[in-house]
Amino acid sequence: MNNVAFTDNPEIQKNRWWIMASVSIFTFMSTLDASIVNIALPVMSKDMSIPMNQSEWVVSIYLITICALLLLFGKLGDNHGKIKIFKIGSILFTIGSLLCGLNFGLFPLLFARAIQSVGAAMTMSVNNGIITEVFPMRERGRALGTIGSFVALGAIAGPGLGGILLAHLDWTYIFWINVPIGILAIIFGQKVLPKDVTFSKDKIDIPGATTFAITMVALFIGVFIGQEVGFGKPSILGLFAIAAISFIAFIYLELHVDSPILSLKLFKRLGFSINIFCALLIFITSFFLNVVAPFYLQNARHLPANYAGYILMILPVLQGIIAPIIGGLSDKIGRHLLTFTGLCILTLSQLGFMITTLYTPLWLFMVFIGLVGFGYGVFMAPNNTLIMSSVSKADLGVAGSINALARELGMAIGISIATTVLFASMSHTAGYKVSTYIPAHPEYFIYGMHSAFLVSLVICLIATVISGVNFINHRG
């Protein structure tokens, strides 16, 4: 019975929603830890007596490591078993979380954060593939909608949940809260997760994995350091040159090896490419809000961290309610229409943030946040299903890792663009370099916020137009 496909195995089908629960726990925690640290950076910086720009590496190293390793682990999942990779990743993530909370200083924290991010990359790269293998086609939309809701919840709940935790506990508990949950989830997973039955046995493309990792590391180190020292510095230009050369080498290798780590043939499928690109754009916009909203609520509107957290929790709560409902509906009323509708709602929310001022009623700002949560809920579930249903079973691991890579790249790019636009616009208004909120001049921040959300609006519009055209073509 062990060699029977998951969808034909009665025992596995009986436990399929328990398998979903096991995968979802680590999916939520690993994506949450990409965003929850942002709101704690000022506290961490003060506690460890380090400059704010150094503390930001606690966020950056997590995203960079995940982006560098996702494709490798996706391929390893196809070759050696997705569930095996998932289990190892869950253990590493939990160990890394324990080490992150010990507070031995910045460099031990960064090392622990790297361990945590390797585990996160392993779980993220295979979660969609596991769910697609386990659930039959008639329930796949609902299942991927559910896992998609946990992905988006983790990615966008960070500032809200972090604000609430910081109001009552030390910053180390942002990491330590993962440990008891992780241990219980590992034990639970041992009981419900089946043994792998799908293996490709392809040779691992080590040169491709290496050149891709070099590309990601060089690119994002260049971006994050460039924001501090300026993008015209020779060292920064050198990092960008390394990234460009390595990326060209990566594409060349992938076109000339028998078993590439990134199957470029997947991108020949128009539906796959369009929906991956839209997901990338939307995760870029999500981090504009993650960067700007804490400044607006805590600095400009003078709300305590816990109250800011409560307001920001509107987004993930609403998204978490809507996504599974939409996932079920997407199997019946059409996924292309729902993805387009979700993007229209998200675009409307960005318009709302663009008209927000120091005097906007907080209830109205909460409505705009609610629109984001509603829009994500409508968009994510059907979009995930469209992505994962457009590839063969043999490519599910790679497709899932590409989907996760789009999300993590979106987060990293979103942080980079949002902070660059925000502080560049504030500097332009002030007439001198600004790299933080200036209490005496809140109007500088409001100008920068409007500039940032203008860029976010344009990105949302691009995704909406692409999705709209795709919907019309599909209907035709």
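Not measured: the values here are computed from a predicted model.

Draft legend 1. Layout of the overall build of the protein chain. Assigned secondary structure in the protein chain consists of 19 helices and zero strands. In the protein chain, which comprises 476 residues, the proportion classed as buried is 59%. In the protein chain, the share of contacts with a sequence separation of at least 24, taken over all contacts with a separation of at least 6, comes to 83%. On the protein chain, roughly 18600 Å² of surface is accessible, and the fraction owed to carbon and sulfur atoms is 70%.

Draft legend 2. Examining the packing of aromatic side chains more closely. For the coordinates displayed, the defined rule picks out 20 aromatic pairs. Judged by centre distance (4.8 Å) and plane angle (25°), the rings of Phe 353 and Phe 453 are stacked. Of this pair, Phe 353 sits in helix H16 (residues 335-354) while Phe 453 is found in helix H19 (residues 442-475), placing the two residues 100 residues apart along the sequence. Three or more aromatic residues link up through ring pairs in this structure, and these residues are Tyr 296, Phe 353, Phe 365, Phe 368 and Phe 453. A cation sits over an aromatic face here: Arg 113 above Tyr 62, 4.1 Å from the ring centre.

Draft legend 3. Here's a closer look at helix H17 (residues 362-388). The terminal C-alpha atoms of H17 lie 39 Å apart, and with 27 residues this matches the ideal 39 Å at 1.5 Å per residue to within 8%. Of all the 27 residues making up H17, 20 are buried; the element is thus mostly covered by neighbouring parts of the structure.

Draft legend 4. Structural detail: a nonpolar patch on the surface. A contiguous nonpolar surface patch, about 450 Å² in accessible area, is contributed by Ile 91, Ile 95, Leu 99, Leu 102 and Phe 104. Assignment of secondary structure puts Ile 95 in helix H6 (residues 82-100).

Draft legend 5. Structural context of the nonpolar core. If you look at the biggest cluster of nonpolar residues, it comprises 136 residues, and the most contacted ones within it are Met 44, Ile 282 and Phe 445. Non-local contacts of Phe 445, meaning those with residues more than four positions away in its chain, are made with Val 292, Phe 295, Tyr 296, Ala 300, Leu 422, Met 426 and Tyr 437. In terms of nonpolar packing, the next biggest core, distinct from the first, is built from five residues, Ile 322, Ile 326, Leu 338 and Val 378 among them.

Draft legend 6. A look at the pattern of salt bridges. Summed over the entire model, instances satisfying the criterion amount to four salt bridges. Taking the shortest distance from any N to any O, the salt bridge between Glu 11 and Lys 14 comes out at 3.8 Å. In this pair, Glu 11 and Lys 14 are both assigned in helix H1 (residues 10-14), three residues apart and thus about one turn of the helix distant. Taken together, the salt bridges that share partners define one network made up of Asp 78, Lys 82 and Glu 133.

Draft legend 7. Summary view of the environment of Glu 11. On the basis of relative accessible area, Glu 11 is assigned to the partly exposed category, the value being 47%. Sequence separation between Glu 11 and Pro 194 is 183 residues; the distance between their C-alpha atoms is 9.4 Å.

Draft legend 8. Inspection of helix H11 (residues 206-229) at higher detail. Taking 1.5 Å of rise per residue, 24 residues should cover 34 Å, and H11 covers 34 Å from first to last C-alpha, within 8% of that figure. Of the residues that open H11, the one with a side-chain oxygen 3.0 Å from the backbone nitrogen of Gly 208 is Asp 205.

Draft legend 9. Expanded view of the state of the cysteines. Summed over all chains, the structure comprises zero disulfides. Lacking any disulfide linkage, Cys 278 is separated from the closest cysteine sulfur, that of Cys 460, by 10 Å. Here Cys 460 stays unpaired: no disulfide links it, and the sulfur of Cys 344, its closest cysteine neighbor, is 10 Å away.

Draft legend 10. Geometry of the packing of H16 against H19. Following both chains from N to C, one finds H16 and H19 inclined at 160°, their axes separated by 8 Å at the closest point. Our classification of the angle between H16 and H19 gives roughly antiparallel. The handedness of the crossing between H16 and H19 comes out as left-handed.

Draft legend 11. Layout of the environment of Ser 330. Along the chain, the position of Ser 330 falls in helix H15 (residues 314-333). Since its relative accessible area comes to 3%, Ser 330 is described here as buried.

Draft legend 12. The arrangement of unusual backbone geometry in detail. Unlike most non-glycine residues, Asn 103 shows phi in positive territory, near 55°. Mapped onto the elements, Asn 103 comes out in the loop between H6 and helix H7 (106-134).

Draft legend 13. Region of interest: the environment of Asn 15. With respect to the helices, strands and loops of the structure, Asn 15 is situated in the loop between H1 and helix H2 (16-35). As for Asn 15 and Leu 110, which are separated by 95 residues in sequence, their C-alpha atoms are 38 Å apart.

Draft legend 14. Geometry of the side chain of Thr 132. Assignment of secondary structure puts Thr 132 in helix H7. By relative accessible area, Thr 132 is classed as buried at 3%. For Thr 132, the side chain forms a polar contact with the main-chain oxygen of Asn 128, separated by 2.7 Å.

Draft legend 15. Summary view of the packing of helix H5 (residues 57-80) against H6. Two elements in contact, H5 and H6, have axes whose closest approach is 8 Å; the angle formed by their N-to-C orientations is 150°. Residues Tyr 62, Phe 73, Leu 76, Gly 77, Asp 78 and His 80 of H5 form the contact with H6, whose participating residues are Lys 82, Lys 84, Ile 85 and Phe 93. Taken together, the residues of the contact of H5 with H6 sort by class into five nonpolar, two polar and three charged.

Procedures and definitions
- Residues numbered from 1 in each chain as written.
- Predicted model: local features only at pLDDT ≥ 70, side-chain atom pairs only at ≥ 80, totals over all residues.
- Heavy atoms only, no water.
- Helix = DSSP H or I, 4+ residues; strand = E, 2+ residues; numbered from the N terminus.
- Buried < 20%, exposed > 50% of the residue type's maximum accessible area, 1.4 Å probe, protein only.
- Contact = heavy atoms within 4.5 Å.
- Areas by Shrake-Rupley, 256 points an atom, 1.4 Å probe, with all protein chains shown as cover.
- Phe/Tyr/Trp six-rings, centres within 6.5 Å; stacked < 30°, edge-to-face > 60°.
- Lys NZ or Arg CZ within 6 Å of the ring centre and 35° of its normal.
- Expected span 1.5 Å × (residues − 1).
- Patch = residues over 30% accessible without salt bridge, like charges linked within 9 Å, V, L, I, M, F, W, Y side chains within 5 Å.
- Salt bridge = Lys/Arg side-chain N within 4 Å of Asp/Glu carboxyl O.
- Core = buried A, V, L, I, M, F, W, Y, C linked by side-chain atoms within 4.5 Å.
- Polar contact = N/O pair within 3.5 Å; in protein donor to acceptor, adjacent residues only side chain to side chain.
- Disulfide = S-S within 2.5 Å.
- Axes fitted to C-alpha atoms, helices over the stretch in contact; angles between N-to-C directions.
- Parallel < 35°, antiparallel > 145°, perpendicular 65-115°, else oblique.
- Left-handed = near helix turned anticlockwise from the far one by under 90°.
- Nonpolar A, V, L, I, M, F, W, Y, C, P; charged D, E, K, R; others polar.

Geometric values such as these leave the question of function open.
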